[in-house]
Amino acid sequence: MKAFKLDDEPKITSGFKVPEAYFDDLQSKVNQRLQEDETPVISLFAQRKTWIMAIAAVFIIALTIPLIHYMNRSSTEIDKGTLENYLTNHADISDDDIVELFNENDIQKMKVDLKIDDKELEDILTADGNVEDYIVD
């Protein structure tokens, strides 16, 4: 193979030539074009700003409507869970006090028919291994 030396070979010209004094006037020509073609710059955020505000307003309204509805609810009815917790935690309330709160229909609904045959009761107690726990002195 033949040795390749860059310094010995004749150089190839590119074919492009820079006109005389081109770089002297370049900066003034570029500045002149920049001043002529100055276009207004519109930020992308400025265009989206109204949409972001509209979405935020809808979001705030969506959160406040249930809150206002809940705050304006005027209910004198007590929640069943709250009543049960109150009755459980306050032992100074007697059964007579609770019965006074019920009307006759409520008391009739609470009556339970506990008619169990002796044979059925005996079968249940013999099947259960903890009979001693049910026997009271």
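Whatever comes next refers back to the structure up there.
About the thresholds
Residues numbered from 1 in each chain as written. Predicted model: local features only at pLDDT ≥ 70, side-chain atom pairs only at ≥ 80, totals over all residues. Heavy atoms only, no water. Helix = DSSP H or I, 4+ residues; strand = E, 2+ residues; numbered from the N terminus. Areas by Shrake-Rupley, 256 points an atom, 1.4 Å probe, with all protein chains shown as cover. Patch = residues over 30% accessible without salt bridge, like charges linked within 9 Å, V, L, I, M, F, W, Y side chains within 5 Å. Salt bridge = Lys/Arg side-chain N within 4 Å of Asp/Glu carboxyl O. Buried < 20%, exposed > 50% of the residue type's maximum accessible area, 1.4 Å probe, protein only. Phe/Tyr/Trp six-rings, centres within 6.5 Å; stacked < 30°, edge-to-face > 60°.

## Some points on the overall build of the protein
Looking only at helices and strands, the protein features seven helices and zero strands. The helix and strand sequence of the protein, counted from the amino end, reads α-α-α-α-α-α-α. Taken along its principal axes, the extent of the C-alpha atoms in the protein is 125 × 60 × 25 Å. Within the structure as shown, the protein displays about 14700 Å² of accessible surface, and the carbon and sulfur contribution to it stands at 58%.

## Quick notes on a nonpolar patch on the surface
On the surface, Ile-78, Leu-83, Tyr-86 and Leu-87 cluster together into a nonpolar patch covering about 370 Å² of accessible area. You can see Leu-83 is positioned in helix H3 (residues 80-89). The partly exposed category is assigned to Leu-83, whose relative accessible area is 40%.

## Regarding the pattern of salt bridges
Enumeration over the complete set of coordinates arrives at one salt bridge. Asp-123 is paired through a salt bridge with Lys-119; the nearest N and O atoms lie 3.9 Å apart. Pair noted here: Asp-123 and Lys-119 are both in helix H6 (residues 118-127), with a separation of four residues, about one helical turn. Looking at Lys-119, the relative accessible area reads 57%, which means it is exposed.

## Describing the packing of aromatic side chains
Taken as a whole and judged by the stated rule, the model has one aromatic pair. Arranged with centres 5.3 Å apart and planes meeting at 80°, the rings of Tyr-22 and Phe-23 form a pair that is edge-to-face. The exposure class of Tyr-22 is partly exposed, given its relative accessible area of 36%.

## Some points on unusual backbone geometry
The phi torsion at Ala-21 lies on the positive side, around 60°, for a residue other than glycine. By the secondary structure assignment, Ala-21 is in the segment before helix H1 (22-36). On the basis of relative accessible area, Ala-21 is assigned to the partly exposed category, the value being 45%.

## What to know about the environment of Pro-66
By the element assignment, Pro-66 lies in helix H2 (residues 44-72). Classification of Pro-66 as partly exposed rests on a relative accessible area of 49%. Put simply, Pro-66 and Thr-50 are 16 residues apart on the chain and 25 Å apart in space, counted from C-alpha to C-alpha.

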